[in-house]
Amino acid sequence: MQPISTDFTSWRSHLERHLHHGSQRLMSFHPCTRSTQDVAKQLIADKGVEADGAIIVADEQTHGRGRLGRSWSAPPGACLLLSCVYVCPHDRLGIEMMSPACALAVAEALEQVTPPRSINVGIKWPNDLLVRGAKIAGLLLETVKVDTLSTAVIVGIGINVSLTTEALPLELREGDRPVTSLTMLGCPTERWQVLTAVVQRLDERLDSPRATESLHHPHDEVLTHYRRRCVLLGQTISVRCDGCDYRGEVIDLDPLVGLLLRTEQGNVVHLPAATSTIVRG
Ligand code: BTN
């Protein structure tokens, strides 16, 4: 395979120009790394709270990871592989709201970079983004204690940008979970454009001091938008949680307690995102 030679210098200068306080932000770009999440963790260990706002991007990862210990593989150069660091003191958005706010931000950014009304991005709880039933992006949020006052959230995002069916890893081509990309949807877009839109929207949705426009979202507003995009609400699904299987109708999604499922026996169970996986949608 031809090595990818991405012009990361122009990506950096584009971000510096278009992000609020862009030139003061830590950014690192990697042709190939283990996982951008690991780079972010090291940065937090080295810089402490100064890692707030850091942006880490890679063309390729050798040990990319997804939720619940799954691996995340992507052909070099076809996906936006990104980790963003947000250090949260207590006066910022609560950690429990980070997950829905980030999923919402990425969904909004994807719609923003594609021609008007060409794609509608849905959210499959907790953090998969779907277009026409196929996965276009996934998010992985990991937290690291910085000091007694602050926790850093590493928002890991993988977005299928120019991925083609032929380039799909075998396990995804043959799996029962369909995958799509902006190119497959007929919306070819450059990764740097997606990157800028995603970081801007994350800054806004997370009420970061770096947001160009402070949206000051009350939690209810984030959740209203999140729920509107949720493809699972009202659906009957099967979920595995801590070794037990549950089947029932999704009646709500709550950032604190997780998925609320009304089982076929009529009980309502709360299934936390950290330990639940949907086995049949
Ligand atoms: C999922 O779908 O389970 C989440 C996938 C998250 C993948 C991204 S790619 C960039 C960042 N680095 C990683 O190792 N994982 C996240």
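See the structure printed just above.
Visitor: Which parts of the structure should I look at to understand the overall build of the chain?
Guide: Secondary structure assignment for the chain yields six helices and twelve strands. Taken against the 2.2 N^0.38 rule, which gives 19 Å for 281 residues, the C-alpha radius of gyration of the chain at 18 Å falls within 12% of a compact globule. Seen through its principal axes, the chain has C-alpha atoms that stretch 60 × 45 × 35 Å. Per-residue burial for the chain yields a buried fraction of 53% across its 281 residues. Nonlocal contacts in the chain, meaning residues at least 24 apart in sequence, comprise 62% of its contacts between residues at least 6 apart. Of the roughly 13200 Å² that the chain leaves accessible, carbon and sulfur atoms contribute 50%.

Visitor: Would you mind showing me how to read the site of the ligand here?
Guide: Around the ligand, 20 residues are found, and the nearest of them are Ser 35, Gln 61, Arg 65, Arg 67 and Lys 135. At 2.7 Å from a nitrogen atom of the ligand is found a main-chain nitrogen or oxygen belonging to Arg 65. Contacts to the ligand include Lys 135, whose side-chain N or O atom sits 2.6 Å from an oxygen atom. The protein chains hide 98% of the 420 Å² of surface that the ligand would expose on its own. At the level of elements, helix 2 (36–47), strand 3 (79–88), strand 6 (134–145) and strand 7 (151–160) are the ones that each hand at least two residues to the shell around the ligand. The element best represented in the shell around the ligand is strand 6, accounting for four residues. Among the residues forming the shell around the ligand, the class breakdown is six nonpolar, ten polar and four charged.

Visitor: I'm lost on unusual backbone geometry in this one. Help?
Guide: Outside of glycine, negative phi angles account for most residues, and trans bonds account for most peptide bonds. With an omega dihedral of 0°, the bond running from Trp 125 to Pro 126 counts as a cis peptide bond. Mapped onto the elements of the fold, Pro 126 is located in the loop between strand 4 (122–124) and strand 5 (128–131). Phi is positive for His 21, close to 55°, though the residue is something other than glycine. Within the secondary structure, His 21 is located in the loop between helix 1 (8–18) and strand 1 (27–30). Residue classification places His 21 among the partly exposed positions, given a relative accessible area of 41%. A positive phi angle, close to 45°, is found at Arg 132, a residue other than glycine. Mapping Arg 132 onto the fold places it in the loop between strand 5 and strand 6.

What counts and what doesn't
- For every chain, the first residue of its written sequence is number 1, and the numbers climb from 1 along that sequence.
- It should be noted that, the model being predicted, local features are given only for residues of pLDDT at least 70 and side-chain atom pairs only at 80 or more, the latter also being counted only at that level, while totals for whole chains, interfaces and linings use all residues.
- As a convention, hydrogens and water are excluded, and side-chain values are obtained from all of the structure's heavy atoms.
- A run of H or I in DSSP counts as a helix once it spans at least four residues, and a run of E counts as a strand once it spans at least two, with each numbered from the N terminus.
- The reference for a compact globule is 2.2 Å times residues^0.38; the radius of gyration itself is calculated from the C-alpha atoms.
- Each residue gets one of three labels from its accessible area relative to the maximum for its type: buried under 20%, exposed over 50%, partly exposed in between, using a 1.4 Å probe on protein chains only.
- A contact between two residues is defined here by any heavy atoms of the two lying within 4.5 Å.
- Only the protein chains shown count as cover for residues, and the accessible areas themselves come from Shrake-Rupley with a 1.4 Å probe.
- Throughout this document, a residue counts as near a molecule or strand when at least one of its heavy atoms sits within 4 Å of that molecule or strand.
- N or O atoms closer than or at 3.5 Å make up a polar contact, with two conditions inside protein: a donor-capable atom paired with an acceptor-capable one, and, for residues adjacent in sequence, both atoms drawn from side chains.
- Side-chain classes follow a simple rule in which Ala, Val, Leu, Ile, Met, Phe, Trp, Tyr, Cys and Pro form the nonpolar group, Asp, Glu, Lys and Arg form the charged group, and the remainder, Gly included, forms the polar group.

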